[in-house]
Amino acid sequence: MAVLATALATTTGTAGAAEPERLVVDLGTDTGAFHGGASGSLYGVYGDGVPSRNLLEGMHVRTVSTKAQDGPQHPGADALEILPPFVDSGGKDVYIYMTDIYRGFPYQWPGADGPARLADFKEKIKKQVRQVLTMGEYQDHVVYVPFNEPEGNMFGTGEWSYNKVSWLNDPQYYFAAWKEVYRLIRSLDPDARIAGPNTSVLYDQVKGFLQYAKANDVVPDVMTWHELSSPAAVRTSVAKYRQMEKDVGVGPLPINVNEYGHNYHLSVPGQVIQWVSAIEESKIDADLAYWNIDGNLNDSAVEANKGNGQWWLFNAYGQMTGHTVKVTAPHPNQQYTLQGVATLDKDKRQSRALFGGKSGDADIVFENVDPELFGTTVRATVQEIPWTGQVGDSAQPLRLADREVTVGEDGTVSLPMTGMNEMSAYQIILSPGGTGGAAADPSVSWRQTYEAENATYTGSGYSKNGPEGSPKDVGKFATSGAYNVGGLRTGSDGVLAFDVEVPRDGTYDLSVFANSYNLYDLVKEQGPTNVFLRVDGKDPQELQLPLGYKWVVWGHTDTTVKLTAGRHRITLAAQDPDLGVTQGDAIIDKIDLALRDEQVTAPAIYEAEYATLSGARPDYTRPAASGAGTVKLAKGASATFWVYAPGDGEATVSVDHLGGGRAGLSLNGDKLDVPQAGGGKKGTDDVRLFLSGGINKLTVTGTSGALLLDRLRVVPSSGTLVPKVYQAEDGTVSGAAKVTDAYRFASGGKAVTDVGKGRANALTFDVVAERSGRHALTIRYSNAEQAPATHYNPDPIARHADLSVNGGPARRVLFPTTFHFNNFWDLTVPVTLRKGTNRLTFTAEELPDFDGDTYNQYDQRSPYAPVIDRIAVTPLARG
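These lines cover the structure that appears in this document, whether it is placed above or below. (Residues numbered from 1 in each chain as written. Predicted model: local features only at pLDDT ≥ 70, side-chain atom pairs only at ≥ 80, totals over all residues. Heavy atoms only, no water.)

Section: the side chain of Gln 73
Mapped onto the elements, Gln 73 comes out in the loop between strand E5 (63–67) and helix H2 (79–88). Within polar-contact distance, the side chain of Gln 73 engages the backbone oxygen of Tyr 102 at 3.0 Å. A polar atom in the side chain of Gln 73 sits 2.5 Å from the backbone oxygen of Gly 104. When neighbours within four sequence positions are excluded, Gln 73 is seen to be in contact with Tyr 43, Asp 100, Tyr 102, Arg 103, Gly 104, Phe 105, Tyr 107, His 791, Asp 795 and Gln 860. (Helix = DSSP H or I, 4+ residues; strand = E, 2+ residues; numbered from the N terminus. Polar contact = N/O pair within 3.5 Å; in protein donor to acceptor, adjacent residues only side chain to side chain. Contact = heavy atoms within 4.5 Å.)

Encoded structure:
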């Protein structure tokens with residue numbers, strides 16, 4: 001047995017037992033074609049741009065369940081508005097919750113009695129189907145869901161039910177309604193796909209539903225139910241349902257478990273991988289549950305274009321190809337233990353394994369490593385996908401190890417993982433070895449976590465909060481160490497002191513995991529809570545801590561500190577003699593320290609053989625500059641990379657290749673006007689690109705010959721793509737739009753508000769471009785509008801701006817909530833400018849309903865643009 005040691009640079013795990021647990025990946029046992037169905041979302045898409053198409057495509061979102069067009073359940077997420085951008089971003093199906101045309105939950109459908117209520121619903125169904133039929137080819141991606149949780153809702157026992165008779169006890173009324181509605185939809189749309197019964201769990205009574213549906217020729221095209229339970233229940237329920245089908249004599253039908261997971265799980269890679277493994281093993285589709293705000297891919301998306309750890313987990317999952325293989329966990333089908341999913345792509349000669357859910361040590365064992373595919377040596381790349389909070393941006397996965405190892409005589413490779421963190425997920429990629437380039441170093445050489453509950457607090461107002469989310473309380477949010485600390489607030493003199501010890505002199509990255517609830521009284525006054533950082537009582541810094549939509553919704557504020565080898569005290573305080581006092585109220589979860597050495601500052605490496613390939617496959621026959629091999633890009637073949645940027649701005653992208661041809665580059669769908677990469681011999685081509693903060697889609701496409709693409713290297717740079725910045729107060733306001741000094745954190749203390757509620761209320765900039773072509777327009781804005789909610793979901797509104805360039809047709813740009821009007825974020829959109837002066841005009845007006853004549857009556861569609869602080873104009877690229 002060959003062994004690859006992977007010492008993880010963290011101390012958050014615990015020591016393993018004498019015999020570490022084993023997760024076994026059997027590459028010799030095929031379990032079916034890779035499906036990718038776990039990447040689904042309920043109410044995760046607000047509209048085009050919230051989240052960005054990059055986030056949708058890069059997360060490989062397969063299915064979305066969402067509200068009926070113009071439904072009043074929540075702001076945004078209207079089915080026919082999200083349908084085109086979702087499908088254009090690679091999505092498969094949009095499931096329309098037809099009942100969400102009503103307000104409230106239970107649904108408040110009008111009528112004096114059950115038949116009257118059903119008649120009203122049928123009229124609304126007719127309208128919905130007719131609207132879908134106007135969508136051209138997009139309508140092929142629609143699945144109708146006539147009822148949602150009918151047993152506790154329309155056909156339950158409550159005030160708003162059909163007749164206060166639960167269909168679980170007496171199904172005749174629900175069954176008759178199902179038949180009527182099913183036939184109504186089919187009469188209007190003969191090709192319709194219809195899903196149901198959409199129960200809150202898989203009840204035993206579903207078998208009777210199938211029997212009735214078969215007898216009356218109204219069997220759903222997709223079987224749906226919800227699993228607000230555990231991953232173990234997914235496997236059990238799917239097996240139970242498949243037996244129902246056999247007993248009744250229908251199917252097998254496609255399945256969509258269109259709600260899964262709880263607050264404790266969502267955003268946490270180590271938790272969600274356990275769901276993913278069960279869902280993929282069951283070969284079904286499934287949608288992450290909607291507990292919080294819509295438009296953030298169920299706590300995967302940060303702002304409009306950034307991903308947290310959960311997003312990167314699904315990015316890795318969606319890049320799996322080929323067939324899944326048997327994975328044997330140390331505790332099969334048991335939640336809160338080490339679980340995983342793995343694939344083997346024989347065409348790529350590559351295996352990928354995703355796993356997590358346990359702290360400490362374990363052996364990841366690959367068995368039956370085929371020498372015909374891999375040879376006698378494999379290249380193993382090991383990555384960690386850490387938890388970064390619900391609203392905490394995450395960089396690309398950390399590289400823990402990258403090296404070659406000889407396959408054992410028994411066809412086995414064992415990778416010992418030490419110091420794992422149960423909140424992280426991990427990925428291992430195996431490729432043929434023997435001809436690849438030098439091993440890449442780990443991307444971080446030293447890091448450490450310090451829990452707030454273990455820190456020393458002095459002064460007034462202290463509270464130790466928790467335990468937060470846990471296996472016994474999955475409705476609460478996950479928290480590192482289960483506890484957090486409060487006390488840093490307006491009027492406090494509190495100081496939270498962390499005693500740290502570092503291995504060497506240097507600059508260290510410091511992340512403070514924190515939260516302020518945006519609607520809490522002390523927080524509403526200013527927005528971001530400010531606290532004060534010192535190291536050993538020196539070098540004060542003021543930090544603005546993250547806002548969230550509820551308490552215990554974690555983000556992180558990042559800075560750097562200079563430390564000498566040895567012990568230090570890092571303090572967070574509510575007062576600082578040099579900088580001021582705290583306004584607001586914050587809770588602290590932990591701090592993370594990481595050494596900012598040459599490994600951290602080195603360019604990020606994106607290997608071509610690990611990219612998303614079209615018309616190409618890896619080539620392991622030639623010595624590469626790095627990694628296991630290269631990718632041969634003939635004309636039209638492409639390699640797509642999901643490239644991270646910490647903020648909006650210039651980066652240098654180095655294209656390393658072995659020659660053989662040429663290729664063009666595109667960024668986020670824009671073909672770049674830069675010299676083509678490649679040539680007749682080995683080399684590197686550097687290009688300066690404007691990358692949007694967060695996730696960027698960078699595609700290399702062959703244009704001539706067959707370029708042997710080795711990798712991309714990406715590093716932030718400056719000086720070539722120079723932004724021109726224009727303060728909003730220096731623009732021209734018209735109508736009711738006005739300059740305000742109400743927001744402390746606006747640059748220069750001023751911004752423009754009240755743009756919108758009619759085109760006359762506008763903000764105009766005259767901007768100068770040195771050359772014609774595509775430019776990045778970065779808008780610094782704030783938006784905290786929130787609609788009244790009917791139940792537990794906060795309902796923030798994504799405001800919009802209608803942006804016109806040089807008097808051309810306006811483009812509608814959506815701006816997600818920043819949680820407070822004094823909390824400013826950047827959002828970048830590409831624009832085409834002509835050389836010289838260009839006029840940019842921002843207006844806004846309320847979007848009508850789909851028919852164009854009526855408007856939302858619950859203040860769920862804003863007529864206003866966000867508060868605009870400034871804009872910056874930057875060339876998109878330069879070779």
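Let's talk about the packing of helix H4 (residues 172–188) against helix H5 (residues 206–215)
Two elements in contact, H4 and H5, have axes separated by 11 Å at closest approach and are oriented at 45°. By the angle between their axes, H4 is oblique relative to H5. Here the hand of the crossing between H4 and H5 comes out right-handed. Between H4 and H5, the contacting residues are Tyr 174, Phe 175, Ala 176, Trp 178 and Lys 179 on the first element and Gly 208, Phe 209 and Tyr 212 on the second. Tallied by class, residues from the contact of H4 with H5 come to six nonpolar, one polar and one charged. (Axes fitted to C-alpha atoms, helices over the stretch in contact; angles between N-to-C directions. Parallel < 35°, antiparallel > 145°, perpendicular 65-115°, else oblique. Left-handed = near helix turned anticlockwise from the far one by under 90°. Nonpolar A, V, L, I, M, F, W, Y, C, P; charged D, E, K, R; others polar.)

Concerning the pairing of strand E56 (residues 836–843)
Two elements, strand E51 (residues 763–769) and E56, share seven bridges in a ladder whose sense is antiparallel. Paired with Ala 769 across the bridge in E56 is Gly 836. Sheet topology places strand E53 (residues 799–805) next to E56; four bridges connect them, and they run antiparallel. Each bridged residue has a counterpart across the sheet, and for Leu 803 the counterpart in E56 is Phe 842. (Pairing = 2+ DSSP bridges.)

Topic: helix H8 (residues 309–318)
Burial of H8 is extensive: nine of the ten residues sit out of reach of the surface. Of all the positions in H8, only Gly 309, Gln 310, Trp 311, Trp 312, Leu 313, Phe 314, Asn 315, Ala 316 and Tyr 317 are classed as buried. Where H8 starts, the residue carrying a side-chain oxygen 3.0 Å from the main-chain nitrogen of Gln 310 turns out to be Asn 308. (Buried < 20%, exposed > 50% of the residue type's maximum accessible area, 1.4 Å probe, protein only.)

A short note on the pairing of strand E25 (residues 484–489)
Of all the six residues making up E25, five are buried; the element is thus mostly covered by neighbouring parts of the structure. Bridge count for strand E24 (residues 463–465) against E25 is three bridges, and the pairing is antiparallel. The partner of Lys 464 across the bridge, within E25, is Val 485. Strand direction decides the pairing type here: E25 and strand E35 (residues 585–595), joined by four bridges, are antiparallel.

Comments concerning the sheet that holds E51
Pairing in this open sheet of five strands is antiparallel, and the strands run E48-E51-E56-E53-E54 from one edge to the other. With one partner strand each, in any of the chains shown, strand E48 (732–733) and strand E54 (811–815) form the two edges of the open sheet. Note that E48 and E51 share two bridges and pair antiparallel. Counted as the bridge partner of Val 733 is Leu 763 from E51.

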